Amino acid sequence: MTVSNRQSVTKAIIPAAGMGTRFLPATKSMPKEMLPIVDKPVLQFVIEEAVESGITDILIVTGRGKRAIENHFDFNPELETFLRQAGKDDLIDQVRDIGDRCQIFYIRQKEQLGLGDAIRLGRQHMGDEPFAVLLGDTIIDPPAGAAPGLRQLLDAYERKRSSVVAVHHVPKAWVSRYGIVDGQPEDGDGPELVRLRRLIEKPKPAEAPTDLAIAGRYVFTPEIFDCIDRTGRGVGGEIQLTDAMNLLAHQQPMYALAWQAKRYDIGDRVEYAKCFVDFALRRPDTSAAMREHLRRLLEG
Ligand code: UTP
């Protein structure tokens, strides 16, 4: 165990530079991470989860066409003056809030060479510290009363002082869409914490060792950076994070935490639509009208 592994985690990388080809044409001029769920961009949910989990320093990996991200988390004096003059001071807090609660930094990924490459860009900023990764296009929705997704992962990190990846159970027929974890719990741990043997990218259902799929949240020791450097270009010419994680799992203990939280991959159209509807049904200001609308629609 290195000294760095014992530090608590205050920094996070949010990769948000992908092309979002599954969401064209919307993503031609707009980052998918800025798609709204009712009235809040996906990335704001992600940053709130990080901040509520104790993260104070966030590095967002952006790219071409992603200016809207920087503008959203910046001050907007004209908008604030307008809102003040219109007597809508409560909205000023809403447009400022999250940018005030943490420090946000940006780095640009010049070529979209994959998730592994996006994370590598954070090496200098993360230094020799453990850090979290939250995919900018993924919303984690824990059951009512449970801790935020990343907080659950950080608790597991603090127990094991090793890298931990979040996973969730998926129907066996779906395993070929995900990175699947192979491993088993150690003595003394519950069934939800698995010592990771290896990761298999998009296996056929018959070849999948478990139904545990990677869920878009990670905590890494800094040794992941050397593993990314040793990872060549894999599927689609991209530097795959799962390849680098397999190298790390050979080198030091790694764990997977199977949580109960729901995961929405916003880059997928159906998942986005489901997320929008689920959240609209839950919010006090939209719930009744949405419920009524859906009831009428289904009665048809
Ligand atoms: P995805 O693989 O879902 O994003 O990456 P993508 O490449 O934009 O998707 P499609 O397949 O073309 O629709 C998950 C997260 O990692 C970021 C994305 O922005 C997304 O938030 N990412 C991906 C990067 O930052 N850089 C990359 O090179 C790839």
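Attention in this report is confined to the structure presented alongside it. (Residues numbered from 1 in each chain as written. Predicted model: local features only at pLDDT ≥ 70, side-chain atom pairs only at ≥ 80, totals over all residues. Heavy atoms only, no water.)

### Here we look at the pattern of salt bridges
Cut-off, in case you're wondering: For this analysis, a salt bridge means a side-chain nitrogen from Lys or Arg found within 4 Å of a carboxyl oxygen belonging to Asp or Glu. Each helix is a run of H or I in the DSSP string that is no shorter than four residues. Each strand is a run of E no shorter than two, and both are numbered from the N terminus. Remark: exposure states derive from per-residue accessible area (1.4 Å probe, protein chains only) relative to the maximum for the residue type, with buried under 20%, exposed over 50%, and partly exposed in between.
Enumeration according to the criterion identifies 28 salt bridges in this entry. Across the pair arginine 22 and aspartate 265 runs a salt bridge whose closest N-O atoms are separated by 3.3 Å. Separated by 243 residues along the polypeptide, arginine 22 in the loop between β1 (11-15) and β2 (36-37) and aspartate 265 in strand β13 (residues 262-265) bring together distant segments of the chain. Note that lysine 66 and glutamate 33 form a salt bridge whose closest N and O atoms lie 3.0 Å from each other. One end of the pair, lysine 66, is in the loop between β4 (57-62) and α2 (67-72); the other, glutamate 33, is in the loop between β1 and β2, and 33 residues separate them in sequence. Neither lysine 66 nor glutamate 33 differs from the other in exposure class; each is buried. Counted as one network, the salt bridges with shared partners bring together Asp117, Arg120, Arg123, Asp226 and Asp229.

### Some points on the site of the ligand
Put simply, the rule is: If even one non-hydrogen atom of a residue comes within 4 Å of a molecule or strand, that residue is called near it. Polar contact is defined as a pair of N or O atoms within 3.5 Å, subject to the rule that within protein one atom must be able to donate a hydrogen and the other to accept it, and that residues adjacent in sequence are counted only when both atoms are side-chain atoms. Surface accessibility follows the Shrake-Rupley procedure with a 1.4 Å probe radius. Residue values consider only the protein chains on display as shielding.
Inspection of the region around the ligand gives 18 residues, with Gly18, Gly20, Thr21, Glu33 and Gln109 positioned closest. At a separation of 2.8 Å, an oxygen atom of the ligand approaches a polar backbone atom of alanine 17. Taking glycine 18, its main chain carries an N or O atom lying 2.7 Å from an oxygen atom of the ligand. When the ligand is considered free in solution it has 570 Å² of accessible area, and contact with the protein chains removes 84% of it.

### Quick word on the environment of threonine 286
The line we're drawing: Contact definition: two residues touch when any of their heavy atoms are within 4.5 Å.
Position of threonine 286 relative to the elements: it lies in the loop between α10 (269-282) and α11 (287-299). Between the C-alpha atoms of threonine 286 and valine 38, which are 248 residues apart in sequence, the distance is 8.9 Å. When near neighbours in sequence (up to four residues on either side) are disregarded, threonine 286 contacts Val38 and Ala280.

### Details of the nonpolar core
Defined as follows: Grouping buried Ala, Val, Leu, Ile, Met, Phe, Trp, Tyr and Cys residues that are joined through side-chain atoms within 4.5 Å yields what is termed a nonpolar core.
Counting residues in each nonpolar core, the largest one holds 46 residues, and the members touching the most others are Ile37, Ile47, Ile58, Ile60, Ile139 and Ile266. Per element, the largest residue contribution to this core is seven residues, and it comes from helix α1 (residues 42-52). Those residues within four positions of isoleucine 266 in sequence are excluded, and the remaining contacts are Phe23, Lys32, Leu35, Ile37, Val42, Asp137, Ile139, Tyr272 and Cys275.

### Focus: α10
Put simply, the test is: Under the convention used throughout, the expected extent of a helix is 1.5 Å for every residue step, that is, one less than its residue count. What the arc measures is the spread of directions leading from the helix axis to the C-beta atoms.
Over its 14 residues, α10 extends 20 Å from the first C-alpha to the last, a length consistent with the 20 Å expected when each residue adds 1.5 Å. Taken together, the buried positions of α10 are Glu271, Tyr272, Cys275, Phe279 and Ala280. Burial along α10 is one-sided: seen end-on, the buried residues are contained in an arc of 160°. Residues of α10 that are buried sit in contact with β2, α1, β7 (138-141), β13 and α11.

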